[in-house]
Amino acid sequence: MDAEGFLAAAAKRTETELERYITGWNAAAQDLDEAIRYSLFANGKRLRPALVLGAAELVAGDSEPALPVACALEMIHTYSLIHDDLPAMDDDDLRRGKPSLHKSHGEALAILAGDALLTMAFDLAADAGHLDIIHEIAQAAGVAGMVGGQVLDLQSEGVALTVERLEQIHHYKTGALIRCSVRCGALIAGADQHQLQALTVYGETIGLAFQIADDILDVSGDEAVLGKRTGADAAHAKVTYPALVGLERAKELAREAQTKAQNALKPFGAEADMFRALAAYVVDRVK
Ligand code: IPE
Ligand code: IPE
Ligand code: MG
Ligand code: MG
Ligand code: MG
């Protein structure tokens, strides 16, 4: 199986479990349920669930116990995208190839769908039965992680940044949840300290590679050319890797992060080949 096949399989399991969970959650408002479904089942790549499941598989040869957490992280990721697109933030009209949620369902419902996804993610994550996982997710999603990084990202608009500073912003806004995905899978599978340490470095560096590639795709990917990526980051004078160091250097830096991620997997030998392939995929991907 190649990385795309691995992602597709993880996506299928995640989507089936999300569907099962949502069907049973007794939403008080039908519109809210619809808005959530609109964003959650919109053809995301499901990278974070794949990392949760892949890490559990690598450590214990069984990813089934990690499935609720894989779904919880996808819910948090989807909420972060819904809010990221809002007029007060990146003001993006398109997401996952469709009108963004506030465009199709209105701003109030978009804000509330995000709130609901974040909240219900912890309900689902609790099913894994590990208190340390709940801490791990809260740390990665909150002030010391994604939300903190989004603030730094917004504050960087129109400001001159160093590469080090940009890397730090990416570390929080995107890296934290990706790193958390790998760590949660490893923790649920009972990883020892050495395994956890190696996978943490993998998560951290694949996260950086992923966000550099995202910056590159925003300016030069097929979707940017086709107008499906609206280039809102550019419109907001967001500092991105290509803007700061040029396209070629940005590609080199993504490649360096990929290599670091792959090197971190040494202790796992050939068992980790799928994770190596995934590190290459995040840099070479076209969406
Ligand atoms: C996009 O994330 C936004 C970032 C955090 C960089 P993804 O590229 O994983 O988005 P989907 O889930 O596949 O749509
Ligand atoms: C999104 O980063 C990061 C989070 C949602 C946490 P971007 O703003 O760069 O993502 P896109 O380009 O809109 O997908
Ligand atoms: Mg943003
Ligand atoms: Mg954005
Ligand atoms: Mg972007």
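Above this text sits the structure in question.
Residues numbered from 1 in each chain as written. Chains lettered and ligands numbered in written order. Predicted model: local features only at pLDDT ≥ 70, side-chain atom pairs only at ≥ 80, totals over all residues. Heavy atoms only, no water.

## Section: the coordination of the magnesium ion (ligand 5)
Using the following cut-off: Any N, O or S atom lying within 2.8 Å of the metal counts as a donor, with the limit raised to 3.2 Å for Na, K and Ca; because water is left out of the atom set, some sites can appear incomplete. The way it works is that DSSP assigns letters per residue, a run of H or I at least four long becomes a helix, a run of E at least two long becomes a strand, and they are numbered from the N terminus. The rule is simple: take the accessible area with a 1.4 Å probe, protein chains only, and divide by the maximum for that residue type; under 20% is buried, over 50% is exposed, in between is partly exposed.
At the metal site, the magnesium ion (ligand 5) is ligated by Asp214 (OD) and Asp218 (OD), and these contacts range over 2.1 to 2.2 Å. Separation of the magnesium ion (ligand 5) from the magnesium ion (ligand 4) amounts to 5.0 Å. Taken as a pair, aspartate 214 and aspartate 218 lie in helix α10 (residues 193–220) at a separation of four residues, close to a single helical turn. Neither residue differs from the other here; aspartate 214 and aspartate 218 are each classed as buried.

## Describing the coordination of the magnesium ion (ligand 4)
Taken together, the protein donors to the magnesium ion (ligand 4) comprise Asp84 (OD) and Asp90 (OD), at separations of 2.1 Å. The distance between the magnesium ion (ligand 4) and the magnesium ion (ligand 3) comes to 3.1 Å, with aspartate 84 serving as a donor to both metals.

## Comments concerning the pattern of salt bridges
Quick note on the threshold: Counted as salt bridges are all cases of a side-chain nitrogen of Lys or Arg within 4 Å of a carboxyl oxygen of Asp or Glu.
Enumeration according to the criterion identifies 20 salt bridges in this entry. With a shortest N-O distance of 2.5 Å, glutamate 136 and arginine 183 are connected by a salt bridge. Pair noted here: glutamate 136 is in helix α7 (residues 131–141) and arginine 183 is in helix α9 (residues 163–188), with a separation of 47 residues, a long-range link. For the pair formed by glutamate 136 and arginine 183, the shared burial category is buried. As a salt-bridge pair, glutamate 252 and arginine 249 come within 2.6 Å of each other at their nearest N and O atoms. On the criterion of helical spacing, the pair formed by glutamate 252 and arginine 249 is a turn pair, its members being three residues apart in helix α14 (residues 247–263). In this structure glutamate 252 comes out as partly exposed when scored by relative accessible area, which is 45%. You can call arginine 249 partly exposed: its relative accessible area is 33%. By sharing partners, the salt bridges in this structure join Asp90, Asp153, Glu157, Lys173 and Lys238 into a single network.

## Thoughts on the site of ligand 1
Stated formally: We call a residue near a given molecule or strand whenever any one of its heavy atoms falls within 4 Å of it. In protein, a polar contact requires one atom able to donate a hydrogen and another able to accept it; more generally it is a pair of N or O atoms within 3.5 Å, and residues adjacent in sequence count only if both atoms are side-chain atoms. Following the grouping adopted for this structure description, the nonpolar residues are Ala, Val, Leu, Ile, Met, Phe, Trp, Tyr, Cys and Pro, the charged ones are Asp, Glu, Lys and Arg, and the polar ones are all others, Gly among them.
Surrounding ligand 1, one finds Gly44, Lys45, Arg48, His77, Leu81, Arg96, Thr174, Phe210, Gln211, Asp214 and Arg285. Side-chain polar atom of lysine 45 to an oxygen atom of ligand 1: 2.6 Å apart, as the coordinates give it. Interatomic distance of 2.7 Å between a side-chain N/O atom of histidine 77 and an oxygen atom of ligand 1. The set of elements that each furnish at least two residues to the shell around ligand 1 consists of α4 (67–84) and α10. With three residues, α10 is the single largest residue contributor to the shell around ligand 1. Partitioning the shell around ligand 1 into residue classes produces two nonpolar, four polar and five charged.

## A few points about the nonpolar core
Quick note on the threshold: Here, the term nonpolar core denotes a set of buried Ala, Val, Leu, Ile, Met, Phe, Trp, Tyr and Cys residues that are joined through side-chain atoms within 4.5 Å. Contacts are residue-level and defined by heavy atoms, with any inter-residue pair within 4.5 Å sufficient.
By size, the foremost hydrophobic cluster in this structure holds 89 residues, and its most contacted members are Tyr202, Phe275 and Leu278. In terms of residues, this core owes the most to one element, α9, which gives eleven residues. Once residues within four sequence positions are removed from consideration, leucine 278 is found in contact with Ala3, Phe6, Leu7, Leu47, Leu51, Tyr202 and Ile206.

## What to know about the site of ligand 2
Put simply, the rule reads: Per-residue and other accessible areas follow the Shrake-Rupley method at a 1.4 Å probe size, with only the shown protein chains counted as cover for residues.
Residues in contact with ligand 2 amount to twelve residues; listed here are only the nearest, Asp84, Asp90, Arg95, Lys173 and Asp218. At 2.8 Å, a side-chain N or O of arginine 95 approaches an oxygen atom of ligand 2. At 3.4 Å from an oxygen atom of ligand 2 is found a side-chain nitrogen or oxygen belonging to aspartate 214. For ligand 2, the accessible surface in isolation is 390 Å², of which the surrounding protein chains cover 91%. Elements that contribute at least two residues to the shell around ligand 2 include exactly α4, α8 (146–155) and α10.

Interpretation note: all reported values are geometric properties and have no functional meaning in isolation.
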